[in-house]
Amino acid sequence: MVNDKMIKDKILAPSVLSADFGHLADDLEMINRSEADWLHVDVMDGTFVPNISFGFPLMKAFRANCSKPLDVHLMIVHPEKYVERFCDAGAWSVGFHLEAVDDPLPILDLIKAKGVRTCLTINPDIDVHRLIPYLDKVDMVLLMSVFAGFGGQQFIPETMDKIRTIRCEIDRRGLQTLIEIDGGVNTRNARALYEAGADALVAGSAVFGAPDPEEAIRQMKND
Ligand code: DX5
Ligand code: ZN
């Protein structure tokens, strides 16, 4: 299991889904200058979720222009067909949805064989206990705090208890598995999420829609 010490206590991963793709280089420069830890990359296939985002050509642009690790979140059916290509495209971690597959273990092995960190994700309607058998088999679990598919949705408050449930289990077993939260994160709820036991927060609209995105990142990490 890979767990670098470059991982800090409070990880903030802006979601490039909310960037201005007409001025992508400027937005990525802002991320590079900022205190952001990772760049979260939301890949949507129009089948697992009712929206289509981007694929390999943009991964290449992110890799070439972003100095932060790429945290890839696959919202796709058949992730087994694509995880290796995302690893080869420069992903620092690759995550896919537990509810999108029959057996996540062989897919996790494909990612691990590339030396890339693994993440298992669930939507808000999936029982959080379904992640428990995999906690010692992944580097990170991602709990969706909105339904995957779109940026700019409202945070689902029930996520707080799910974070505590998983935090408790990780600590009880002495694991290093990270907990990431994705959806509706902003400067008002970030602190409570870290306090409940989240290690990493994804924020799209709260970063790129802010009057001062760098300051929004700073606030979410430090306030
Ligand atoms: C939703 C994506 C999220 C999204 C977050 O399907 O997985 O990463 O970009 O956007 P906000 O922070 O605006 O809810
Ligand atoms: Zn995401």
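In what follows, the structure referred to is the one given above.
Structure report, in brief. (Residues numbered from 1 in each chain as written. Chains lettered and ligands numbered in written order. Predicted model: local features only at pLDDT ≥ 70, side-chain atom pairs only at ≥ 80, totals over all residues. Heavy atoms only, no water.)

Details of the side chain of Ser93
Link 1 in the chain: With respect to the helices and strands, Ser93 occurs in strand β4 (residues 93–97).
Link 2 in the chain: Discounting residues that sit within four places of it in the chain, Ser93 has contacts with Leu70, Asp71, Val72, Val116, Arg117 and Met140. (Helix = DSSP H or I, 4+ residues; strand = E, 2+ residues; numbered from the N terminus. Contact = heavy atoms within 4.5 Å.)

A closer look at the pairing of strand β1 (residues 11–14)
Link 1 in the chain: Residues of β1 alternate between two faces, with Ile11 and Ala13 on one and Leu12 and Pro14 on the opposite face, all of them buried.
Link 2 in the chain: Pairing geometry for β1 and strand β8 (residues 200–203), over four bridges, is parallel. When the bridges of β8 are listed, Pro14 appears paired with Ala203. (Buried < 20%, exposed > 50% of the residue type's maximum accessible area, 1.4 Å probe, protein only. Pairing = 2+ DSSP bridges.)

Looking at the sheet that holds strand β2 (residues 39–44)
Link 1 in the chain: Strand order in the open sheet formed by eight strands is β1-β8-β7-β6-β5-β4-β3-β2, and the pairing between neighbours is parallel. Among the strands making up the open sheet, the edge pair consists of β1 and β2. Along the sheet, successive strands turn relative to each other by an average axial angle of 20 degrees, direction set aside.
Link 2 in the chain: Bridging between strand β3 (residues 70–75) and β4 involves four bridges; their strand directions are parallel. The partner of Asp71 across the bridge, within β4, is Ser93. (Axes fitted to C-alpha atoms, helices over the stretch in contact; angles between N-to-C directions.)

Description of the site of ligand 1
Link 1 in the chain: The immediate surroundings of ligand 1 are formed by 20 residues, with Asp42, Gly149, Asp182, Gly204 and Ser205 found nearest.
Link 2 in the chain: Within the side chain of Asp42, one N or O atom sits 2.7 Å away from an oxygen atom of ligand 1.
Link 3 in the chain: Between an oxygen atom of ligand 1 and a main-chain N or O atom of Gly204, the distance comes to 2.7 Å.
Link 4 in the chain: For ligand 1, whose accessible area on its own is 380 Å², the fraction buried by protein is 100%.
Link 5 in the chain: With respect to the pocket detection grid, ligand 1 is positioned in the largest pocket.
Link 6 in the chain: Where the shell around ligand 1 is concerned, the elements lending two or more residues are β2, β3 and β8.
Link 7 in the chain: When residues of the shell around ligand 1 are assigned to their parent elements, the largest contribution, three residues, is made by β2.
Link 8 in the chain: Among the residues making up the shell around ligand 1, the classes are represented as eight nonpolar, ten polar and two charged. (Near = heavy atom within 4 Å. Polar contact = N/O pair within 3.5 Å; in protein donor to acceptor, adjacent residues only side chain to side chain. Areas by Shrake-Rupley, 256 points an atom, 1.4 Å probe, with all protein chains shown as cover. 1 Å grid on protein atoms, 1.4 Å probe; cavity = no way out; pocket = protein on both sides within 12 Å on 5 of 7 lines; lining within 4 Å. Sits in = over half its atoms within 2 Å of the grid points. Nonpolar A, V, L, I, M, F, W, Y, C, P; charged D, E, K, R; others polar.)

Let's talk about the coordination of the zinc ion (ligand 2)
Geometry sets the ideal angles at a metal, namely 109.5 degrees for four tetrahedral donors and 90 or 180 degrees for six octahedral donors.
Link 1 in the chain: Those protein atoms acting as donors to the zinc ion (ligand 2) are His40 (NE2), Asp42 (OD), His73 (ND1) and Asp182 (OD), and they sit at 2.0 to 2.3 Å.
Link 2 in the chain: Here the donor residues for the zinc ion (ligand 2) map to a single chain with the spacing H-x1-D-x30-H-x108-D. Linking Asp42 in strand β2 with Asp182 in strand β7 (residues 178–182), this pair joins segments that are 140 residues apart in sequence.
Link 3 in the chain: When its relative accessible area of 8% is taken as the criterion, Asp182 is described as buried. (Donors = N, O, S within 2.8 Å, 3.2 Å for Na, K, Ca; no water.)

Details of the packing of aromatic side chains
Working definition: an aromatic ring pair is given by the centre-to-centre distance plus the angle between the planes.
Link 1 in the chain: What the rule picks out here adds up to four aromatic pairs.
Link 2 in the chain: On the numbers, 5.9 Å between centres and 45 degrees between planes, the contact of Phe21 with Phe54 is tilted. Separated by 33 residues along the polypeptide, Phe21 in the loop between β1 and α1 (24–33) and Phe54 in the loop between β2 and α2 (56–65) bring together distant segments of the chain.
Link 3 in the chain: According to the relative accessible area criterion, Phe21 is partly exposed, its value standing at 34%.
Link 4 in the chain: Ring geometry for Trp38 versus Trp92: centroids 5.2 Å apart, planes at 45 degrees, classification tilted. Here Trp38, found in the loop between α1 and β2, pairs with Trp92, found in the loop between α3 (83–88) and β4; they are 54 residues apart in sequence, far enough to count as distant. The two residues Trp38 and Trp92 agree in class, both being buried.
Link 5 in the chain: These aromatic residues form a ring-pair network of at least three members: Phe21, Phe54 and Phe62.
Link 6 in the chain: In this arrangement the basic side chain of Arg85 is found over the ring face of Phe56, its NZ or CZ atom lying 4.0 Å from the centre. (Phe/Tyr/Trp six-rings, centres within 6.5 Å; stacked < 30°, edge-to-face > 60°. Lys NZ or Arg CZ within 6 Å of the ring centre and 35° of its normal.)

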